[in-house]
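Descriptive analysis of the structure
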Amino acid sequence: MVHDLLESFIVMSVFFISLIIRGDKDEHAVLCNEDETYDLKIADTSNLLLFVPGCKTPDQLPDISASPQLVHAQIWGFSNCYWELRRQRPRLKKLKKLLMENPYDGPAVGMQEEAPGPKYTMDDLLERIQASREEIEAHLQNVHACEIDGFWRILDFDYEMKLLGHVTQLVDSESWSFSKVPLSVCLEELGSLEPKSMIEHCLNCYGRRYSNEDGQVIYALDEDKVCRATAQLLLQNAVKFNLSEFQEVWQQSVPEGMSARLDQLRGLALLDRSSKPETISLLRIEDLPEDTLERFNSLFSLREKWTQDDIEPYIQDLCGEKQTTGALLTKHARSSVQNGVKVYNSRRPIAT
Amino acid sequence: MGFCVFCSKAGEGPAEWLLVELQGEVVSRQNTGLAGNLMGDLHYTKEGVPVLIVGHHILYGKQVKLEKPFAVLMKHSGLPRDEEETMETNQENPTSYTVSALIKKKLIFKTRPKPIITNVPKKV
């Protein structure tokens, strides 16, 4: 716990100088530098560790074989234990949770002030989230958050899709190529419907920004991201869908010219090919527990047996440094063969 | 919520200390505690082998480069000791740690201490 670190000195296995310890009272302490997060674990040894400032080793002593040298060195202190750092994935689920307390759904209408609700600046987030600054910034991008009046806000999903709809409709009416969407025209045409900053934010989330030969800012829309968001919009309206019906509606809903493909939905939706008819339902990785054991329990409660291909997108982020999903499965699941296919189930009984 | 910032002393890098690792315990002869007492003598042989003499024991060790260096951190509490229990993030007096030293190598003494016998009775 963070309070356990309040000792007069601690010894740490570490290789950098500028560090921050983060954690609420009831959280385990993590240590962060600019772009990484480490778990702090106390390690003890039966050996005695003595710390001797300035004590020289043979290579540092002059080679005078003439007279023996006597140097007084003081032992500064001793310890049986020290803190070990282990690189870990940052705990970022809390970030989205905080931002979802007050999602942004557009500018205040008319004379109304925006409804009051918690808002967080970057400094607030740095204090509350157990991750490094760079990891936090990357995650803010992943969840399509944007800074409005100095506060980081996540967009209400319907509002985000409304913005995207404006953009794709404009692309269609102007007959632009998806990879050549000019920023200035978008802002001009859509600026009356929504704030320009929001239009630009939407383009940043769903496209890749670049400059053409004339120095104009252009966006290349990302087909996978657009189709995936469209799928989420459809899937969140019901518990399960008939797979073939869903695929039809989905293809009709995406901008004309874009291809909706099932592989775009990894980590977003789960297919059930064993049911008749085949079904699809929403299952987002961000809605699952962050802790490894809890994540596996949760997945096995949803479905008793998983193929590696199906479960992989939902455990990919749990892998430690140099760890594969295969290794994770070996550790946390039991495998068997069903109908000639290798499947994984829980190691322990799960209440479904 | 703990919010502690580590920083090295501005300007210079942290000092380098040496770690001496012993198996077992060191106790003072009359159980008077260790502080302020002479622990022993550290010698290096011509080959650079560290030799430690503690009381009437002699230990042979070796110098090892640490795979993961250590840092020794000193705490600077912004608040007087008794207020630490209720400490929340206090921006005016945040607790901070500075890196006092880095430890990149150690002398480890793993061999069994041998007693030094200086008075061997002569055979008559």
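Residues numbered from 1 in each chain as written. Chains lettered and ligands numbered in written order. Predicted model: local features only at pLDDT ≥ 70, side-chain atom pairs only at ≥ 80, totals over all residues. Heavy atoms only, no water.

Regarding the overall build of chain B
To be explicit about the condition: Each helix is a run of H or I in the DSSP string that is no shorter than four residues. Each strand is a run of E no shorter than two, and both are numbered from the N terminus. Here's how the labels work: a residue is buried when its accessible area is under 20% of the maximum for its type, exposed when over 50%, partly exposed in between, all with a 1.4 Å probe on protein chains only. Note on contacts: a residue pair is in contact if any heavy atoms of the two residues lie within 4.5 Å. Only the protein chains shown count as cover for residues, with accessible areas throughout obtained via the Shrake-Rupley method and a probe of 1.4 Å.
The secondary structure content of chain B amounts to zero helices and eight strands. Mapped in sequence order, the helices and strands of chain B form the string β-β-β-β-β-β-β-β. Buried residues in chain B amount to 34% of all 124 residues. Within chain B, contacts between residues at least 6 apart in sequence are counted, and of these 67% link residues at least 24 apart. Carbon and sulfur atoms form 53% of the exposed surface of chain B, whose accessible area is close to 8300 Å².

A word on the sheet that holds strand β10 (residues 217-221) of chain A
All names here are of chain A. Cut-off, in case you're wondering: One bridge is not enough; two strands pair if DSSP finds at least two bridges between them.
A sheet is described by the order of its strands in space; here three strands give the open sequence β8-β10-β9, paired in antiparallel fashion. One side of each edge strand has no neighbouring strand; the edge strands of this open sheet are β8 (181-182) and β9 (207-211). Note: β8 against β10, two bridges, orientation antiparallel. Bridge pairing in β10 links proline 182 to isoleucine 218.

Points about helix α8 (residues 243-253) of chain A
Residue and element names in this part refer to chain A. Quick reminder of the rule: Arc, as used here, means the arc of the directions from the helix axis to the C-beta atoms.
For α8, the complete set of buried residues consists of Leu243, Phe246 and Trp250. Projected down its long axis, α8 shows its buried positions confined to an angular sector of 60°, all on one face. Residues Glu245, Glu248 and Gln252 are exposed on α8 and point more than 90 degrees away from its buried face. Elements in contact with the buried residues of α8: α7 (223-235), β11 (241-242), β12 (269-272) and β13 (279-282).

Examining the nonpolar core
Residue and element names in this part refer to chain A. Threshold: By nonpolar core is meant a set of buried Ala, Val, Leu, Ile, Met, Phe, Trp, Tyr and Cys residues that side-chain atoms within 4.5 Å join together. Delimitation of the domains relies on an automatic or database domain assignment.
One finds Val181, Met198, Leu203, Tyr206, Trp250, Leu265 and Ile280 to be the most contacted residues of the largest nonpolar core, which totals 42 residues. It is helix α4 (residues 157-174) that contributes the most residues to this core, eight residues altogether. Residues lining this core come from more than one domain, with at least three contributed by each of domain 2 (157-221) and domain 3 (240-287). With residues up to four places along the chain from it excluded, the contact list for tyrosine 206 reads His144, Glu160, Met161, Leu164, Ala220, Leu221, Asp222, Lys225, Val226 and Ala229.

Considerations on the pairing of strand β4 (residues 50-54) of chain B
Residues and elements named next belong to chain B. In the sheet, strand β3 (residues 41-44) pairs with β4 via four bridges, with the strands oriented antiparallel. Bridging from a neighbouring strand, histidine 43 pairs with valine 51 of β4. Where β3 hands over to β4, the hairpin turn is made up of five residues, of which glycine 48 adopts a positive phi near 85°. Judged from the four bridges that link them, β4 and strand β5 (residues 57-60) form a sheet pairing that is antiparallel. Residue pairing in the sheet places isoleucine 53 in a bridge with isoleucine 58 of β5. Turn length for the β4-β5 hairpin, with the two strands adjacent in sequence and antiparallel, is two residues, and the turn residue glycine 55 shows positive phi of about 60°.

Section: the packing of aromatic side chains
All names here are of chain A. Let me state the cut-off plainly: Here a Phe, Tyr or Trp ring, Trp counted by its six-membered ring, pairs with any other such ring whose centre lies within 6.5 Å, and the pair is stacked when the planes are under 30 degrees apart, edge-to-face when over 60, and tilted otherwise. Remark: a charge is flagged as sitting over a ring if the NZ atom of Lys or the CZ atom of Arg is within 6 Å of the ring centre and within 35 degrees of the ring normal.
The final tally for this structure, using the stated rule, is seven aromatic pairs over all chains. With centroids separated by 5.9 Å and ring planes inclined at 80°, the aromatic side chains of tyrosine 104 and tyrosine 159 adopt a geometry described as edge-to-face. Residue tyrosine 104 is located in the loop between α1 (93-99) and α2 (122-128), and its partner tyrosine 159 is located in helix α4; the two are separated by 55 residues in the primary sequence. Pair check on accessibility: tyrosine 104 and tyrosine 159 agree, each one buried. Considering the side-chain rings of phenylalanine 296 and phenylalanine 300, the 6.1 Å spacing of their centres and the 25° angle between planes classify their relative orientation as stacked. A residue pair is termed a helical-turn pair when its members lie 3 or 4 positions apart in one helix, as phenylalanine 296 and phenylalanine 300 do in helix α9 (residues 292-302) at four residues. One exposure class covers both phenylalanine 296 and phenylalanine 300, and it is buried. Above the face of the tryptophan 306 ring, arginine 303 is positioned so that its terminal group lies 5.1 Å from the ring centre.

Overview of the domain arrangement of chain A
Each assigned domain of chain A is listed with its residue range as follows: domain 1 (1-53 + 75-87), domain 2 (157-221), domain 3 (240-287) and domain 4 (290-351). Computed over C-alpha atoms only, the centres of domain 2 of chain A and domain 3 of chain A are separated by 26 Å.

A short note on the sheet that holds β12 of chain A
The antiparallel open sheet is built from three strands, whose spatial order is β11-β13-β12 (chain A). Of all the strands in the sheet, the pair left with one neighbour each is β11 and β12 of chain A.

Here's the deal with the side chain of threonine 279 of chain A
Of note, threonine 279 of chain A is situated in strand β13. Sequence-distant contacts of threonine 279 of chain A, defined by excluding residues within four places in its chain, comprise Lys240, Phe241, Leu243, Leu270, Leu271 and Asp272 of chain A.

Notes on the pairing of strand β15 (residues 333-338) of chain A
Both faces of the sheet carry side chains from a regular strand, because those side chains alternate between them. Residue and element names in this part refer to chain A. Relative to strand β16 (residues 341-346), β15 runs antiparallel, the two sharing six bridges. Counted as the bridge partner of glutamine 338 is valine 341 from β16. In this structure, the hairpin formed by β15 and β16 is closed by a connection of two residues, where asparagine 339 is found at a positive phi of approximately 55°.

As for unusual backbone geometry
Residue and element names in this part refer to chain A. At the junction of lysine 276 and proline 277, the peptide bond is cis and its omega measures out at 0° in the coordinates. Tracing the backbone shows proline 277 in the loop between β12 and β13. Not every positive phi belongs to a glycine, and asparagine 339 is a case in point at roughly 55°. A residue is classified by how much of its surface remains accessible, and asparagine 339, at 78% relative accessible area, is exposed.

Side note on the confidence of the model for chain B
All names here are of chain B. This is how it is decided: The predictor rates its confidence in each residue with pLDDT, a number between 0 and 100.
Summing up the model confidence of chain B, the mean pLDDT is 73 and the portion of residues at 70 or higher is 72%. When mean pLDDT is compared element by element in chain B, β5 scores highest at 90, while strand β1 (residues 2-7) scores lowest at 48. Confidence drops under pLDDT 50 across residues 80-92; counting only partners more than four residues distant or on other chains, this segment forms 16 contacts. Among the scores for the predicted complex, ipTM is 0.74 and pTM is 0.73.

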